[in-house]
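Remarks on the overall topology
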Amino acid sequence: MLKLGVFELTDCGGCALNILFLYEKLFDVLKFYEIKEFHMASSFKEHDHLDVAIVTGTVSTQRDLALLKHARNHSKYLIALGTCATHGDVQGSVEGKIREKLEKVYGTKANPMKALDSKPIVEYVAVDYALPGCPYDKDEIYQVLMNIAKGVEPPKKDYPVCIECKLNEYECILVKREIPCLGPITLGGCDAICIKSGIGCIGCRGPLPKEANPAGEFEILKELGYDEEYIRRKFKTFARGELRW
Amino acid sequence: MSIEIDAFTRVEGNGGAEIIIEDGEVKEVRVKIFEGPRFFEILTLGRHYYDVPDLEARICAICYLSHSVASVLGIERAFGVEVPKEIMLLRELGLIGEFIESHALHLYLLVAPDLFGYADAIRMASKHGEVVNEGLTIKAFGNYIREVIGGREIHGINVKPGGFGRYPSIEELEKIEKNSEALIKFAKRAVGIFASQEPFGAKAEHYIATNDYLYGNKLIACDKESFDYFEHIEEKSLPYSFAKQSRYKDKIFMVGSLPRVMLKAEKLTPLAKRLFEEYKERLSKGYVSLNNLAQAIELVYGLERASEIAKELLDKGVEGENISVEPQEGEGIGYVEAPRGVLVHHYRIDEKGNIAYSNIITPTAFNHALMELSLYEEAKRHYGTLDEKTLIQKLEETVRAFDPCISCSVHLVKL
């Protein structure tokens, strides 16, 4: 049996929860793995030697950072799971320095709980697999865990949301309905879920690696009449400053 | 000296507690919320209203739809938009899906292991597979409703000011009607299981809820007051926690399932009401652990109500038309009952439709003070008679009764 730990840093709880939403597939995973740490689901804790550590959330406190380092130093494989862990997600995009933010919200610059500006875990440690998504596609984590258990290198997705949109034969809402849609510059894997609802892709899986053309997308949105500040914020929402143009 | 609970387990998010002992007596308990701050109000400031419900959904995955709906209600009130009954019924159906998913998660996967004596539901499944499976089936059904109404199990984007991106099909509504009826027998069994739990924790002296069962335009309290949150609720910051604490007219209060069934029993569906009557005397004792029994009764309510709503929509047909929303300067509050209790989204929006002020208060933040008091009373009751490990276990069970959502509780702010 492989030893599995799930570590939650600062986030909405969804990435850990989504593992439980695997339902019967979770029991397939448990044929290969023994859960040694998963504080949302279990009071059991024994995480000194792990084969696989799944880490969700952003590093937003010194405690998060210590936990991340512990997970890295005590596991063979480390999986950064969800857009918080891979790109910073919404809390990573909040602008301003930590002391200014603390003052705005708590009325004091004092930082007794040692908060940090939120950053993705990939900025602090090397990770073996990075699976973005807010939330990520459940099947992806299932496949990665099963592949690791069987000694197979998990495949990586590298196509935009537009591909899945086309496969579903949805109408292009960016071109046809002039609704802002980040599909062309966002990594696919969600089955174009926003477009299914007739809504533009909000970019929650983070930017498409390599071939993304944010400058082109920016120009299209500007021509459609959206102001620069609006587009800038939309690009930034899930991926901080990664999309440049 | 002090006893530390490093991290609460089987709860959502990161928090712990410190029990301070002086002269052999429990002097104080501090509930520490050390989940990092996520600054949601700063994030939404200056953003266009249309994108805000999707951002707010990210506050919490377990109750993302409560946040989306509260956000949409706050925005619509700011613009003076009223949507037809059909849209409100669909929103209610989404919230019910979330209740079913969240209560099932809490009762079967997080609390039941305490009752059966296991570290988690996975280890419990080998002996009590039937109970775990029933729980997972109910939870999956709740998630199905969330997917249909919200667009996705977690962080859906379908709930929008003025209506929905996509409306459910007849087949989806028929499936909801049929499956919810079939699952009621499981939920009834859950009521039996949780009715056997020994009461513990503090006694809640004041209850607060929204005026309708799942949402409202005012808050109500057990002293018959009907009010807006800022009239009688005050928040203060603490040096040892990222969450603030609240008082209602200077008193500690509770939000959640127990307050809801106690304040709004007349709005329950027939079978849920009968079960409430059966356990009314027990529930009226007010111990916070009775929240678990109230949640089980709400599971029955949720399944009955989901079926009622699906039937009503099928009978009259779903039009699927959105109300047009024109931004204008305004202020609005959305009050929703998240599974854990009252959730407030309060916005001021400028004439271009951008957010100028935002204040969000989550149920776990409302319950923070009572959680601390409950731990204090439990620690006093057991310190010296139980060994440290068992004591900590008791205290964790007490925290669990609130079904706290710590990720949500850390941003309750005025800007």
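In this text the structure is predicted, and so the values were computed from the model without any measurement. (Residues numbered from 1 in each chain as written. Chains lettered and ligands numbered in written order. Predicted model: local features only at pLDDT ≥ 70, side-chain atom pairs only at ≥ 80, totals over all residues. Heavy atoms only, no water.)

1. Brief notes about the overall build of chain B
For clarity, the threshold we go by: Where helices and strands are cited, they refer to DSSP runs of H or I of at least four residues and of E of at least two residues respectively, numbered from the N terminus. In this treatment the radius of gyration is a C-alpha quantity, and the globule benchmark scales as 2.2 Å times the residue count to the 0.38 power. Three exposure classes are used, based on accessible area relative to the maximum for each residue type with a 1.4 Å probe and protein chains only: buried under 20%, partly exposed in between, and exposed over 50%. Throughout, a contact is declared for two residues whenever any of their heavy atoms are within 4.5 Å. Areas reported here follow the Shrake-Rupley algorithm with a probe of radius 1.4 Å; residue values treat only the protein chains shown as occluding. Counted charges follow a simple rule, with Lys and Arg positive, Asp and Glu negative, and His plus the chain ends left uncounted. The atom standing in for a charge is NZ when the residue is Lys, CZ when it is Arg, CG when it is Asp and CD when it is Glu.
Helix and strand counts for chain B come out as 13 helices and 14 strands. Computed over its C-alpha atoms, the radius of gyration of chain B comes to 21 Å, within 12% of the 22 Å expected for a compact globule of 415 residues. Projected onto the principal axes, the alpha-carbon positions of chain B cover approximately 65 × 45 × 40 Å. Per-residue burial over chain B gives 68% buried out of 415 residues. Considering only contacts within chain B whose residues lie at least 6 apart along the sequence, 72% involve residues at least 24 apart. Summed over its atoms, the accessible surface of chain B is roughly 13,700 Å², and 47% of this surface lies on carbon and sulfur atoms. Treating the 50 positive side-chain charges of chain B as one cloud and the 65 negative ones as another, the clouds have centres 2 Å apart.

2. So, the confidence of the model for chain B
Stated precisely, the cut-off is as follows: Confidence scores here are pLDDT values: one per residue, from the predictor, ranging 0 to 100.
Predicted confidence across chain B gives a mean pLDDT of 93, with 98% of residues reaching 70 or more. With pTM at 0.95, the complex prediction returns an ipTM value of 0.94.

3. Some details on the UniProt feature "domain: NADH:ubiquinone oxidoreductase-like 20kDa subunit" (unreviewed entry) in chain A
This is how it is decided: UniProt positions are given in the numbering used here, feature names are shortened, and annotations may be inferred rather than shown by experiment.
Using the residue numbers shown here, the UniProt feature "domain: NADH:ubiquinone oxidoreductase-like 20kDa subunit" (unreviewed entry) corresponds to residues 12-147 of chain A. End-to-end, the C-alpha atoms of residues 12-147 of chain A are 27 Å apart, and along that stretch the chain is 39% helix and 23% strand.

4. Some remarks on the packing of helix H11 (residues 363-382) of chain B against helix H12 (residues 388-401) of chain B
Residue and element names in this part refer to chain B. Which entries qualify depends on this criterion: Helix axes use the C-alpha atoms of the stretch in contact, all axes being lines fitted to C-alpha atoms, and the angles between their N-to-C directions lie in the range 0 to 180 degrees. In these notes the angle categories are as follows: under 35 degrees is roughly parallel, over 145 is roughly antiparallel, 65 to 115 is roughly perpendicular, and the rest is oblique. A clockwise turn of the near helix away from the far one marks a right-handed crossing, whereas an anticlockwise turn of less than a right angle marks a left-handed crossing.
Closest axis-to-axis distance for the H11/H12 pair is 10 Å, and the angle between their directions is 150°. Taken together, H11 and H12 sit at an angle that is classed as roughly antiparallel. Classified by chirality, the crossing of H12 by H11 is right-handed. When H11 is examined against H12, the residues Met 371, Ser 374, Leu 375, Glu 378, Ala 379 and His 382 are found in contact with a partner set consisting of Leu 391, Lys 394, Leu 395, Thr 398 and Val 399.

5. Side note on the pairing of strand E13 (residues 341-349) of chain B
Residues and elements named next belong to chain B. Just so we agree on the cut-off: Here, a strand pair is defined by DSSP locating no fewer than two bridges between the strands.
Most of E13 is tucked away, with 8 of its 9 residues classed as buried. For strand E12 (residues 330-338) and E13, the ladder comprises 9 bridges, and the chain directions are antiparallel. Across the sheet, Gly 334 pairs through a bridge with His 345, a residue of E13. The turn linking E12 back onto E13 is made up of 2 residues. Two strands pair when backbone bridges link them, and E13 and strand E14 (residues 355-361) are joined in this way by 6 bridges, in the antiparallel orientation. Within E14, the position partnered with Arg 348 by the bridge is Tyr 357. If you look at the hairpin formed by E13 and E14, you'll find 5 residues sitting between the two strands, and Gly 353 has a positive phi there, around 95°.

6. Notes on the interface of chain A and chain B
Inclusion rule: When two parts are put together, the accessible area they lose, computed with a 1.4 Å probe and summed over both, is reported as buried area. Think of a salt bridge as a Lys or Arg side-chain nitrogen and an Asp or Glu carboxyl oxygen that are within 4 Å of each other. By the criterion applied in these results, polar contacts are pairs of N or O atoms within 3.5 Å in which, for protein atoms, one can donate a hydrogen and the other can accept it, and in which residues neighboring in sequence qualify only through two side-chain atoms. Classification used: nonpolar for Ala, Val, Leu, Ile, Met, Phe, Trp, Tyr, Cys and Pro, charged for Asp, Glu, Lys and Arg, polar for all others including Gly.
Taken together, the contacts link 56 residues of chain A with 68 residues of chain B. Regarding the contact of chain A and chain B, the summed buried area is about 5,300 Å², with carbon and sulfur atoms giving 63% of it. When the area that chain A buries against chain B is broken down by residue, the three leading residues are Cys 12, Tyr 106 and Met 113 of chain A, summing to 13%. Here chain A is connected to chain B by 2 salt bridges. With a closest N to O distance of 2.9 Å, Lys 138 of chain A and Glu 153 of chain B form a salt bridge. Inspection of the chain A/chain B interface yields 22 residue pairs in polar contact (both at pLDDT 80 or more). Of all the secondary structure elements, the ones that give two or more residues to the side of chain A that touches chain B are helix H1 (14-20), strand E4 (59-61), helix H5 (89-92), helix H6 (98-106), strand E6 (115-119), helix H9 (193-196) and helix H11 (228-236) of chain A. Per element, the largest residue contribution to the side of chain A that touches chain B is 6 residues, and it comes from H6 of chain A. When its residues are assigned to classes, the side of chain A that touches chain B shows 31 nonpolar, 14 polar and 11 charged.

7. Brief notes about the domain arrangement of chain A
All names here are of chain A. To keep things clear, this is the line we draw: Where each domain begins and ends is defined by an automated method or by a domain database.
Here chain A is described as being made up of domain 1 (2-149) and domain 2 (161-236). Put simply, the middle of domain 1 and the middle of domain 2, counted by C-alpha atoms, are 27 Å apart. Remark: the boundary between domain 1 and domain 2 carries 3 salt bridges. Its salt-bridge partner being Glu 140, residue Arg 205 comes within 3.1 Å of it at the nearest N-O pair. Inspection of the domain 1/domain 2 interface yields 6 residue pairs in polar contact (both at pLDDT 80 or more). Residues of the side of domain 1 that touches domain 2, tallied by class, amount to 3 nonpolar, 4 polar and 3 charged.

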